[in-house]
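Letter by letter, the chains look like this.
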Amino acid sequence: MSYLEYNVKYVPSGFRKLIYLNWPIIFLLTAVACTGFLMLYSVAGGSVTPWMEPQVKRFGLGMVVMLFVAMVPIWFWRNMAALGYVITLILLIVVEFFGSIGMGAQRWIEFGPIRLQPSELMKLTLVMFLAAYYDWLPVRRASHPLWVLAALVIILVPTFLVLKQPDLGTALLLLFGGGTIMFLAGVHWAYFVTVIAASVGGVMAVFQSRGTPWQLLKEYQFRRIDTFLDPGNDPLGAGYHITQAKIALGSGGWTGRGFMQGTQSRLNFLPEKHTDFIFTTLAEEFGFVGAFTLLTLYTLIVVFCVVSALQNKDRFASLLTLGIAMTFFLFFAVNMSMVMGLAPVVGVPLPLVSYGGSAMLVLLTGFGLVQSANVHRPR
Amino acid sequence: MKRAPKDSAESARGISRRALVVGLAQVGVLGALGLRMQQMQIDQADQFRLLADENRINIRLIPPARGLIFDRNGVPLAQNEQNYRIVIVREDAGDVAAVLQKLAQLMPLSPEVIDKAMIEIARRSPFVPVTIAERVSWDDIARVSINAPALPGVIAEVGLSRLYPMGSDLAHVVGYVGPVSDYDLSLLDDPDPLLQIPKFQIGKTGVENKLETTLRGSAGTKRIEVNALGRVMREIDRQEGLPGADVQLTIDSRLQAYVEARLEGESAGAVVIDLEHGDLRAVGSAPTFDPNLFVRGISLRDWTDLNENKYRPLAAKAVQGAYPPGSTFKMVTGLAALQAGVIDPEETVYCRGYTEVAGTRFHCWKGAGHGNINFHESLKQSCDCYYYEVGQRAGIDNIAAMARKLGIGVKHDLPLSAVHAGTAPDKAWKTETRGESWRIGDTVNAAIGQGYVLTSPLGLAVMVSRIATGRNVEPRLVRAIDAVEQPSGGGEPLDLNENLLRRVRASMDAVSNNTRGTAYGSRIALTEVRMAGKTGTSQVRRITAEERARGVTRNQDLPWERRDHALFVCFAPVDDPKFAVAVVVEHGGGGSTAAAPIARDIILQALYDGPPPLEAYPANVRARIAEDQQRFQERVAPGSVGSDRA
């Protein structure tokens, strides 16, 4: 039905769609991914194994998926949004019972060779579903308490499931990503003020719950918060990660120690140097110049997404693009804050750079949707 | 649900407005990130760079080889022994328990040793070598090395550990080393980083302790790059340290061995000084102990035995014992009086067996008294009353000054543990230490080397050296450090009347060689090497009036610790003094019977640089001496192996 809303005449079709892809975003994504390959090569001690090679393959696969998603009309994805959300939600519930235990958290389901992390997928399907929801909902009803409540349920159910896994980083991304879409969709200011006030109270409740049987966070999460607040008090224990990460970052200086010359990462002082903390290696080896360049690349990706969204008169496409851009932004902003000691260590990877399959595939699928919105926008 | 175009435009404007707000928030976050980057990577870069280098580079110390200690003839007294040990590296071994089982079949390993090793291995990082056995025999090492392919992770290593080939003979002089303890660190104001090495061996007593910095050498360093687990990635550079300096002592190990053998069975100290340079040829203390026990880690039982032994084997009696010198102090009192001119050597003093001073009766050892007696006779017969009199005439300050001039009551700077300065008391000393004023009775007591006067055998030996030579002989223990000769202790002539000294020497000659001398029984029979001496018997208790009335209690009837100390000082040959000897036998009884024979035997051994001819002994003792010599030769011989004369 939605198909009818678009004037097909004004939408490119066939191979012409390729022209209407947002090429700058594709180039920027490739540039960021290449930076990642370089860093994975470096942290492996100058070797394509064990990290760089699989990462390249995944990126290739991800790009194919992205182009495929981009070719499919955006209205098809809008129609799939609710279904996708429900399926992801079911998968999230399934991992509660059948998921493997990895790093103290139940996060993935194994389908033969494919290891699926529903929480990663949820970052995308939640944004899609919310965008579709607000597209369907008349603007004037957006601030009606009942409809706000419905949106909150859509966000909070998966958030709590993810938090139970427990994966604080993803839960925060879902919460902030979903909240941003609600905000963009025009929900009344007052709600956000209330929520911010309430969350301050909530944070206090979380701290109060520590040590009681109903404590809301796992002990290691509390410790991470403690460590964030004062990493110096336990430099060889819980604060070790962040202290070493800061040393690596700071010792980079202006231009860094040179490719593969980072002593902190090469000598294993850095924790999870190929995943969450890969930014420290980059900063150590390429210095301020390298770190700032990466930040600029990320920013440009967000900027191009926002420009594409604002040019798009379609409400779903616009909200979706902005939502994905926001999720992407949260990814790298939280990761960088975390390794630079501005935020607690919550386990958010650096998008497209950190080693990891699920996150990359989901992100590139998300950018596929952005491309689809760009290609199929009424001109 | 078809939307009106107006609605759609409205929506787009709403989204744009809200997107602007979100965008502003994002710009804020990006700004914070950028600023943080700048702050950390530019403003604080130097600070973090330093931290990174500290993280990465470890400085490891290479312990230097400890300096060796030789005797005057080049016989090693302390050396570094190759110490083979078996270590295991967990990560190379794989199944540690199985490897240890195999190892136990090749060499003796008790289950306790294996258990201890397993615990240690579990505690350490997998790449840290853990010692399983130390001081492994060469045969075991060979067996382990041959079977190396079957014993992954097992390595035979060689290190250095201290060995004292002379064993107990020089325990009190050379001392011993042991692992540095927290207590040592708290005492030492020594920033040498070597001391931080776990179980680093430092000198604990004796020369090992006092010449620690000389013997230790300086640490080499190697800078290594390590990872976060402490695993060594590579060596960056290395700087070799300096081995410790070799120390040559003035001790003659053969004479020392003889002295220890001669003192065996007594609780005694003896010192032999070579008068030419003040060289300490032998510094004997008995009983003694084996310093090697301490190096290997002394067992609690051995330690308790040593510590609770009433003869105090751990004490270096020759230098740290403080005894009243008794009659051996009479040379000091006599010289003080003669030098002060308060009495002429030929002037006589009447001895009636006691002297009344300030209402107290001071007895002579000879109850019947010596009658009229001059200086020569008084020393020869050791008359106490004569010294009561001349001591009072000279005054305590003169006596104390003479004592110090002759080396009693002054600290001799020797690299030995707990060297006791002794006490040469005077008025100021008593006021200062006791808060009481000096009384005339104190002078009377001090005049015969009792009361507050204290000295070690070393002090006595120095005294007799100075009397024999008229020079300010200063004892010297270290002959050379790294082949650099140390200053001689021969000394300048003392500010003393040589004629008076000659009289004192003549009187000491008479003590040993005049038939009425107190040490005539322990004389040297050959005139050209005859010795001059002085006996001493110092009381450790007060003799009460009743006891004296009952007649003098014989020493043998008293419990050991209440018997008199026996002392003897001597030099020889009389005409051209070469050696001075002082012997103190704790609670040995009379100086003439307990100490003099020992001193004579020692000085003869020194004079002849080995067993003296039997003719040197009085005819009546030769048979017994011959037996003794036989016995001592057996005892001394093993220690003197390799004593090539340099």
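Residues numbered from 1 in each chain as written. Chains lettered and ligands numbered in written order. Predicted model: local features only at pLDDT ≥ 70, side-chain atom pairs only at ≥ 80, totals over all residues.

### Some thoughts on the overall build of chain A
So the rule is basically this: Secondary structure elements are taken from DSSP: a helix is a run of H or I of four residues or more, a strand is a run of E of two residues or more, and numbering for both begins at the N terminus. Each residue is classified by how many other C-beta atoms fall within 10 Å of its C-beta atom, where C-beta atoms are placed from the backbone; a count of 20 or more means buried, 12 or fewer means exposed, and values in between mean partly exposed.
A tally of regular secondary structure across chain A gives 14 helices and 3 strands. The buried share of chain A, taken over its 379 residues, is 52%.

### What about the overall build of chain B?
This is how it is decided: We call two residues in contact if the C-beta atoms placed from their backbones are at most 7 Å apart.
Across its full length, chain B carries 25 helices and 21 strands. Per-residue burial over chain B gives 43% buried out of 646 residues. Long-range contacts, defined as pairs at least 24 residues apart, comprise 73% of the intrachain contacts of chain B with a sequence gap of at least 6.

### Considerations on the packing of helix H5 (residues 118–136) of chain A against helix H6 (residues 145–164) of chain A
Residue and element names in this part refer to chain A. Defined as follows: Every axis in this analysis is a line fitted to C-alpha atoms, fitted for helices over the stretch in contact. Angles between the N-to-C directions lie between 0 and 180 degrees. Put simply, angles under 35 degrees are roughly parallel, angles over 145 are roughly antiparallel, angles from 65 to 115 are roughly perpendicular, and the rest are oblique. Three categories are distinguished: nonpolar for Ala, Val, Leu, Ile, Met, Phe, Trp, Tyr, Cys and Pro, charged for Asp, Glu, Lys and Arg, and polar for the others, with Gly belonging to the last.
Between H5 and H6, whose axes approach to 10 Å, the crossing angle comes to 175 degrees. The orientation of H5 relative to H6 falls into the category roughly antiparallel. Contact residues: Ser119, Met122, Leu126, Phe129, Leu130 and Tyr133 in H5; Ala151, Ile154, Ile155, Pro158 and Val162 in H6. Of the residues assigned to the contact of H5 with H6, the class counts are 10 nonpolar, 1 polar and no charged.

### Observations regarding the nonpolar core
Note the cut-off: Here, a nonpolar core denotes buried Ala, Val, Leu, Ile, Met, Phe, Trp, Tyr and Cys residues that are linked to one another through C-beta atoms within 7 Å.
Of all hydrophobic cores here, the largest spans 127 residues; its most connected members are B:Val581 and B:Val583. Examining the composition of this core, we find that 9 residues originate from one element, helix H24 (residues 591–608) of chain B, more than from any other. Listed in part, the 118 residues of the second largest apolar core include A:Ala185, A:Ile278, A:Met326 and A:Val346.

### Things to note about unusual backbone geometry
Residues A:Thr49 and A:Pro50 are joined by a peptide bond in cis, for which omega reads 0 degrees. The topology assignment puts A:Pro50 in the loop between helix H2 (23–43) and helix H3 (52–71). Residues B:Ala286 and B:Pro287 are joined by a peptide bond in cis, for which omega reads -5 degrees. For B:Pro287, the position within the fold is in the loop between strand S12 (279–286) and helix H12 (291–295). A positive phi angle, close to 55 degrees, is found at B:Ser382, a residue other than glycine.

### Here we look at the interface of chain B and chain A
Taken together, the contact between chain B and chain A spans 39 residues of the former and 41 residues of the latter. Contributing elements (two or more residues each) for the side of chain B that touches chain A: helix H1 (5–43) and helix H2 (45–56) of chain B. In terms of residue count, H1(B) provides more of the side of chain B that touches chain A than any other element does, 24 residues in total.

### Overview of the sheet that holds strand S20 (residues 565–572) of chain B
All names here are of chain B. Our working definition: When DSSP finds two or more bridges between a pair of strands, those strands are recorded as paired.
The 5 strands lie next to each other as S12-S11-S21-S20-S19, forming an open sheet whose pairing is antiparallel. On the outer flanks of this sheet lie S12 and strand S19 (532–538), each paired with one strand and no other. Neighbour to neighbour, the strand axes of the sheet diverge by 10 degrees on average, direction disregarded. One ladder, built from 7 bridges, connects strand S11 (residues 268–274) with S12; its direction is antiparallel. Within S12, the residue paired with alanine 268 across the bridge is alanine 286.

### Quick look at the environment of B:Arg262
Residue and element names in this part refer to chain B. Take arginine 262: it is sitting in helix H11 (residues 253–263). Its 25 C-beta neighbours within 10 Å are what place arginine 262 among the buried residues. Residues arginine 262 and aspartate 601, spaced 339 residues apart in sequence, show a C-alpha to C-alpha distance of 8.2 Å.

### Describing the environment of A:Asp276
Residue and element names in this part refer to chain A. Within the fold, aspartate 276 resides in the loop between helix H11 (263–266) and helix H12 (278–311). When the 24 C-beta atoms within 10 Å are taken as the criterion, aspartate 276 is described as buried. For the pair aspartate 276 and leucine 350, spaced 74 residues apart in sequence, the C-alpha separation works out to 6.2 Å. Residues contacting aspartate 276, with those up to four places away along its chain left out, are Asn335, Gly347, Val348, Pro349 and Ser354.

### Details of the pairing of strand S21 (residues 579–585) of chain B
Residue and element names in this part refer to chain B. Of all 7 residues making up S21, 7 are buried, and the element is well covered by its neighbours. Here S21 shows no split at all, with Phe579, Val581, Val583 and Val585 on one side and Ala580, Ala582 and Val584 on the other all buried. The turn linking S20 back onto S21 is made up of 6 residues.

### Things to note about the packing of H6(A) against helix H7 (residues 168–184) of chain A
All names here are of chain A. Direction vectors running N to C along H6 and H7 enclose 170 degrees, while the axes themselves pass 8 Å from each other. Accordingly, the angle class assigned to the pair H6 and H7 is roughly antiparallel. Residues Ala151, Ile155, Pro158, Thr159, Val162 and Leu163 of H6 form the contact with H7, whose own contacting residues are Leu168, Thr170, Ala171, Leu174, Leu175, Gly178 and Met182. A per-class count over the contact of H6 with H7 returns 10 nonpolar, 3 polar and no charged.

### Let's talk about helix H22 (residues 498–513) of chain B
All names here are of chain B. Quick note on the threshold: The span one expects for a helix is its residue count, reduced by one, times 1.5 Å.
Given a rise of 1.5 Å per residue, 16 residues ought to cover 22 Å, and the 22 Å separating the end C-alpha atoms of H22 matches this to within 8%. Within H22 the residues assigned to the buried category are Leu501, Val504, Arg505, Ser507, Met508, Asp509, Ala510, Val511, Ser512 and Asn513. Buried-residue contacts for H22 involve helix H15 (330–340), helix H16 (375–381), helix H21 (457–469), S19 and S20.

### Concerning the pairing of strand S14 (residues 354–357) of chain B
All names here are of chain B. Examined bridge by bridge, S14 and strand S15 (residues 360–363) share 4 bridges and lie antiparallel to one another. Among the inter-strand pairings, glutamate 356 is bridged to a residue of S15, identified as arginine 361. Hairpin remark: S14 followed by S15, antiparallel, with 2 residues in the connecting loop; positive phi at alanine 358, about 50 degrees.

### Overview of the environment of B:Ala45
Note that B:Ala45 resides in helix H2. Residue B:Ala45 is classed as partly exposed on the basis of its 19 C-beta neighbours within 10 Å. Excluding residues that lie within four positions of it along the chain, B:Ala45 makes contacts with A:Gly250, A:Ser251 and A:Gly253.

### Here we look at the confidence of the model for chain B
All names here are of chain B. So the rule is basically this: The predictor attaches a confidence to each residue, called pLDDT, with possible values from 0 through 100.
Considering every residue of chain B, the mean pLDDT works out to 86; 92% of them sit at 70 or more. In this model, residues 639–646 is a region of pLDDT below 50 whose contacts with residues beyond four sequence positions or in other chains number 16 contacts. In the predicted assembly, ipTM is 0.86 and pTM is 0.62.

### Concerning the confidence of the model for chain A
Residue and element names in this part refer to chain A. The share of residues in chain A with pLDDT of 70 or more is 87%, and the mean pLDDT across the chain is 83. At the low end of the mean pLDDT range in chain A sits strand S1 (residues 100–102), at 51; at the high end sits H2, at 93. Taken as a whole, residues 102–106 scores under 50 in pLDDT and shows 11 contacts with residues more than four places along the chain or in a different chain.

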